[in-house]
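Summary of the model geometry
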Amino acid sequence: MLAEEQDKMEIQNPESISDQSDLIKRARDGDEDAFGAIINLYRHRVIGYCYRMIGSDAEDISQEIFIKFYLALYRFDSSKPIKPFLFRIAHNHCVDVLKKKTIRTIPFLKNDEEKQELQVKDERPNPEELAQKAELQNAVNHALATIPVLYRSPLIMWHVEGIPYEEIAKILELPMGTVKARIHRGRKILQQKLMSFVLLNGE
Amino acid sequence: MTKCEYIQKIMQKLTDGTIADAERTDLEQHVTLCRTCATEFKFLQLSLDLLISMPVPEPCPEFTSETVKRAFVAKKDQVRRRKVMSLYLSSLTAIISALIIASWSMIFQPVTRGILLSILRTLSGWTALYNGLNKAISVLVSALAHLGDTAVKVVWEVSSPALFGYLIALIIMAIFITIAGVKSSALSLKRR
């Protein structure tokens, strides 16, 4: 919470393009605070995207993405929003990481500690329901890891990040129809995997 | 299209956010009657809810400061590598240009040939190199002369503007490289 409050103090309106443009210009000129403010604005989203895409080492991978982003800033048009540019780098980097990985890591909740964390976050008090939710969450995490990357990435961008179709099409350099079809396909796979998990394990 | 197929399409429209009010009513009514579609709908919503609410690890408190530090080091490294690369390319271009100009003037200008070869001999102190080059150029010049005056004239007429164009291109390129170098240096040095 403290970090978020600091973020809010640093810039008036984080979503405003003119504020972002100012941050970009300052970061490009070597202003560490400005670049720090950009990272604070997007770190949760980027880490969330990497975690859903890859599962493990999300923090390290996100750090590499921000470094790549900074190195590419000189060719970024500061009058445009940061998010599509940043997510293009994030997508390409995650795809590279997945190509290098021989074994795909599944973002399972690894131990009781993490399960506990999930339970704390959940507002419902019923422990049975919570345990069931944790199991379902595991099933979705597992299902997500088995969805091919070409469906997984646009699915996360659309449903989690709320990036519009036009922007996803630009990020992935694909026609909008293909993006829609891929999101649809990814959603279908996710739904079917969850259904088969529940049916196999008994509802 | 069966009713269930129609409802399937509507479900996708709902998740796309493009559903019309009438379609929403159709969907709501249908899922109360059809168990298969109700299950499908339930799992579609559940899977997306779980995807969105997936617990994501919190970044460590030093995440931002550490990333900024690493990014600035990487930037310095990038600028340094670019400088080395531009220096390497400039040197290579200068050497190639010098070789082209020297060869050209050695072939067509006997006076320049004499001067350049003498400089080479003085600098290297290697008479064998001087003799070898002198002989090779003489053979080349006599071969050209053998082809007749017209051939020499044609080679001269073609090579002179080509060399002139090359020199102009080289000067323009040098100006661009200098501007780019100055800009990137200013970028890396401009710190608060």
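Residues numbered from 1 in each chain as written. Chains lettered and ligands numbered in written order. Predicted model: local features only at pLDDT ≥ 70, side-chain atom pairs only at ≥ 80, totals over all residues. Heavy atoms only, no water.

1. What about the overall build of chain A?
- A count of helical and extended segments in chain A gives 10 helices and 0 strands.
- Sorting the 203 residues of chain A into buried and exposed places 50% on the buried side.
- Long-range contacts, defined here as pairs at least 24 residues apart, represent 66% of the contacts in chain A between residues at least 6 apart.
- As presented, chain A carries roughly 10200 Å² of accessible surface, and 51% of it is formed by carbon and sulfur atoms. (Helix = DSSP H or I, 4+ residues; strand = E, 2+ residues; numbered from the N terminus. Buried < 20%, exposed > 50% of the residue type's maximum accessible area, 1.4 Å probe, protein only. Contact = heavy atoms within 4.5 Å. Areas by Shrake-Rupley, 256 points an atom, 1.4 Å probe, with all protein chains shown as cover.)

2. Section: the packing of helix α3 (residues 32-53) of chain A against helix α4 (residues 58-71) of chain A
Residue and element names in this part refer to chain A.
- At a minimum axis distance of 9 Å, the contact between α3 and α4 shows a crossing angle of 135°. As the angle between them shows, α3 and α4 are arranged oblique. By crossing handedness, the relation of α3 to α4 is classed as right-handed. Residues F35, I38, I39, Y42, R43, V46, I47, C50 and Y51 of α3 lie in contact with α4, whose contacting residues are A58, E59, I61, S62, I65, F66, F69 and Y70.
- Across the contact of α3 with α4, the residue classes break down as 14 nonpolar, 1 polar and 2 charged. (Axes fitted to C-alpha atoms, helices over the stretch in contact; angles between N-to-C directions. Parallel < 35°, antiparallel > 145°, perpendicular 65-115°, else oblique. Left-handed = near helix turned anticlockwise from the far one by under 90°. Nonpolar A, V, L, I, M, F, W, Y, C, P; charged D, E, K, R; others polar.)

3. Considerations on the confidence of the model for chain B
- When the pLDDT values of chain B are averaged, the result is 81; 94% of them are 70 or greater.
- The ipTM for the predicted assembly is 0.75, set against a pTM of 0.70. (pLDDT = per-residue confidence, 0-100.)

4. As for the packing of helix α1 (residues 3-16) of chain B against helix α2 (residues 21-33) of chain B
All names here are of chain B.
- Here α1 crosses α2 at 120°, and the two axes come no closer than 10 Å. Of the possible angle classes, the one that applies to α1 and α2 is oblique. Judged by the sense of rotation from one axis to the other, the crossing of α1 with α2 is left-handed. Residues K3, C4, Y6, I7, I10, M11, K13 and L14 of α1 pack against E23, R24, D26, L27 and H30 of α2.

5. A word on the pattern of salt bridges
- Counting across every chain of the model gives 8 salt bridges over all chains.
- Close ionic contact of D31(A) with R26(A) constitutes a salt bridge, the shortest N to O distance being 3.1 Å.
- A salt bridge links D77(B) to R80(B), with the nearest nitrogen and oxygen atoms 3.0 Å apart. Within this pair, D77(B) and its partner R80(B) are both found in helix α4 (residues 63-108), separated by 3 residues, close to a single helical turn.
- According to the relative accessible area criterion, D77(B) is partly exposed, its value standing at 28%.
- Note on R80(B): relative accessible area 52%, which makes it exposed.
- Here the salt bridges do not stand alone but share partners, grouping D22(A), R26(A) and D31(A) into one network. (Salt bridge = Lys/Arg side-chain N within 4 Å of Asp/Glu carboxyl O.)

6. Things to note about the state of the cysteines
Residues and elements named next belong to chain B.
- Considering all chains together, one arrives at 0 disulfides over all chains under this definition.
- Looking at C4, it has no disulfide partner, and the nearest cysteine sulfur is the one in C37, 3.6 Å off.
- By relative accessible area, which is 2% here, C37 ends up buried. (Disulfide = S-S within 2.5 Å.)

7. Considerations on a nonpolar patch on the surface
Residue and element names in this part refer to chain B.
- On the surface, M85, Y88, L89, L92, I96, I100, I101 and L167 cluster together into a nonpolar patch covering about 680 Å² of accessible area.
- At 7 residues, α4 tops the list of elements feeding residues into the nonpolar patch.
- Relative to the assigned elements, M85 resides in helix α4.
- You can call M85 partly exposed: its relative accessible area is 47%. (Patch = residues over 30% accessible without salt bridge, like charges linked within 9 Å, V, L, I, M, F, W, Y side chains within 5 Å.)

8. As for the environment of G177(A)
- Along the chain, the position of G177(A) falls in helix α10 (residues 176-201).
- Once the C-alpha coordinates of G177(A) and E166(A) are considered, the two residues, 11 residues apart in sequence, prove to be 9.9 Å apart.

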